[in-house]
Amino acid sequence: MTEQDRRITKTRKAIYQAFLQLLNQKDYEAITVQEIIDLADVGRSTFYSHYESKELLLDELCQKLFHHLFERAEHLSPQDYLAHIFQHFKKNQDHVTSLLLSKNDYFIRQLRKELEHDVYPMVADELIKSHPTIPHSYLKHLVVSHFIETLSWWLKKGKSYTEQEVTQFYLEILKVGSN
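Residues numbered from 1 in each chain as written. Predicted model: local features only at pLDDT ≥ 70, side-chain atom pairs only at ≥ 80, totals over all residues. Heavy atoms only, no water.

## Details of the overall build of the protein chain
1) Next: For the protein chain, the helix and strand inventory stands at 10 helices and zero strands.
2) Next: Tracing the protein chain from N to C terminus, the helices and strands come up as α-α-α-α-α-α-α-α-α-α.
3) Next: With respect to the principal axes defined by its C-alpha atoms, the protein chain has extents near 60 × 35 × 30 Å.
4) Next: For the protein chain, restricting intrachain contacts to residue pairs at least 6 apart in sequence, the fraction spanning at least 24 positions comes to 64%.
5) Next: Accessible surface, the protein chain as shown: approximately 10,100 Å² in total, 51% of it carbon and sulfur. (Helix = DSSP H or I, 4+ residues; strand = E, 2+ residues; numbered from the N terminus. Contact = heavy atoms within 4.5 Å. Areas by Shrake-Rupley, 256 points an atom, 1.4 Å probe, with all protein chains shown as cover.)

Printed below as a string of structure tokens:
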């Protein structure tokens, strides 16, 4: 790695870390590029040479978070996989929670896409069998919305419950995967 590559990596990391730190302190919408560059200790032109906007920082955060979060080990049961997702949100609660609970449009859209792709298929067959007259698109919407609302409730009010218990609540309401 050349000296210039290291400087670029270091600068990008400083900007990204400043963004995360600010997300822990305030809502995304309230963060300004000026605050990011002040905290990262970089110039405005340096910021814009790495990121065209704070929205691209948010995009990078979503990509990193969701890449790890929705990577599913084949040996995990649906219950363990869902508990892993809940646990990850709890562990990254600071910046993730502010994006989720402030209903950040971009974050919620990206989360919905991931849930549609990774969570819905795990429960779809059972739901479709149980409710053959309900449109599949409605069932998908229900599964995804219910997950987001369950997660929001848990992070706000249900912290005394474990990830496994919340997963059970989620699946019981859907009437899937429970014995």
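## Regarding the UniProt feature "domain: HTH tetR-type" (unreviewed entry) in the protein chain
1) Next: Mapped onto the present numbering, the UniProt feature "domain: HTH tetR-type" (unreviewed entry) falls on residues 9-69.
2) Next: Within the segment residues 9-69, helix and strand shares are 79% and 0% respectively, and the terminal C-alpha atoms sit 24 Å apart. (UniProt positions renumbered as here; feature names shortened; annotations may be inferred.)

## Quick word on the environment of E55
1) Next: Among the secondary structure elements, E55 is positioned in helix α4 (residues 54-69).
2) Next: Residue classification places E55 among the partly exposed positions, given a relative accessible area of 44%.
3) Next: Side chain to side chain, E55 and S53 meet in a polar contact 3.1 Å long. (Buried < 20%, exposed > 50% of the residue type's maximum accessible area, 1.4 Å probe, protein only. Polar contact = N/O pair within 3.5 Å; in protein donor to acceptor, adjacent residues only side chain to side chain.)

## Observations regarding the packing of helix α5 (residues 78-91) against helix α10 (residues 163-174)
1) Next: Their axes nearest at 8 Å, the elements α5 and α10 cross at an angle of 120°. In terms of orientation, α5 and α10 fall into the oblique class. When the axes of α5 and α10 are compared, the crossing they make is right-handed. Contacts between α5 and α10 involve Q79, L82, A83, F86, Q87 and K90 from the former and E163, Q164, V166, T167, Q168, Y170 and L171 from the latter.
2) Next: Here the residues of the contact of α5 with α10 are counted per class, giving six nonpolar, five polar and two charged. (Axes fitted to C-alpha atoms, helices over the stretch in contact; angles between N-to-C directions. Parallel < 35°, antiparallel > 145°, perpendicular 65-115°, else oblique. Left-handed = near helix turned anticlockwise from the far one by under 90°. Nonpolar A, V, L, I, M, F, W, Y, C, P; charged D, E, K, R; others polar.)

## Some thoughts on the confidence of the model for the protein chain
1) Next: Per-residue confidence for the protein chain gives a mean pLDDT of 88; residues scoring 70 or more make up 96%.
2) Next: Here helix α6 (residues 93-101) is the element of the protein chain with the lowest mean pLDDT, 76, and helix α2 (residues 33-40) is the one with the highest, 96. (pLDDT = per-residue confidence, 0-100.)

## Concerning the UniProt feature "DNA-binding region" (unreviewed entry) in the protein chain
1) Next: UniProt marks residues 32-51 with the feature "DNA-binding region" (unreviewed entry), using the numbering shown here.
2) Next: Taken end to end, residues 32-51 has its terminal C-alpha atoms 13 Å apart, with 75% of it in helix and 0% in strand.

## Some details on helix α8 (residues 120-130)
1) Next: Buried within α8 we find Y120, M122, V123, A124 and L127.
2) Next: Turning to α8, the residues buried within the fold contact α5, α7 (105-118), α9 (136-156) and α10.

## Concerning the nonpolar core
1) Next: Within the largest apolar cluster, 55 residues are counted, with the highest numbers of intra-cluster contacts made by F89 and F107.
2) Next: When residues in this core are grouped by element, the largest group, eight residues, is from α9.
3) Next: Leave out the neighbours within four places in its chain, and F89 touches F66, L69, V96, F107, L111, L151 and L155. (Core = buried A, V, L, I, M, F, W, Y, C linked by side-chain atoms within 4.5 Å.)

## So, the environment of Y106
1) Next: Structurally, Y106 can be placed in helix α7.
2) Next: With near-sequence residues (within four places) excluded, Y106 lies in contact with L58, D59 and C62.

## Regarding the environment of E29
1) Next: Looking at where E29 falls in the secondary structure, it is placed in the loop between α1 (3-25) and α2.
2) Next: For the pair E29 and F86, spaced 57 residues apart in sequence, the C-alpha to C-alpha distance is 25 Å.
3) Next: With near-sequence residues (within four places) excluded, E29 lies in contact with K54, S102 and N104.
4) Next: Engagement of the side chain of E29 in a polar contact is seen with the side chain of N104, the distance being 3.1 Å.

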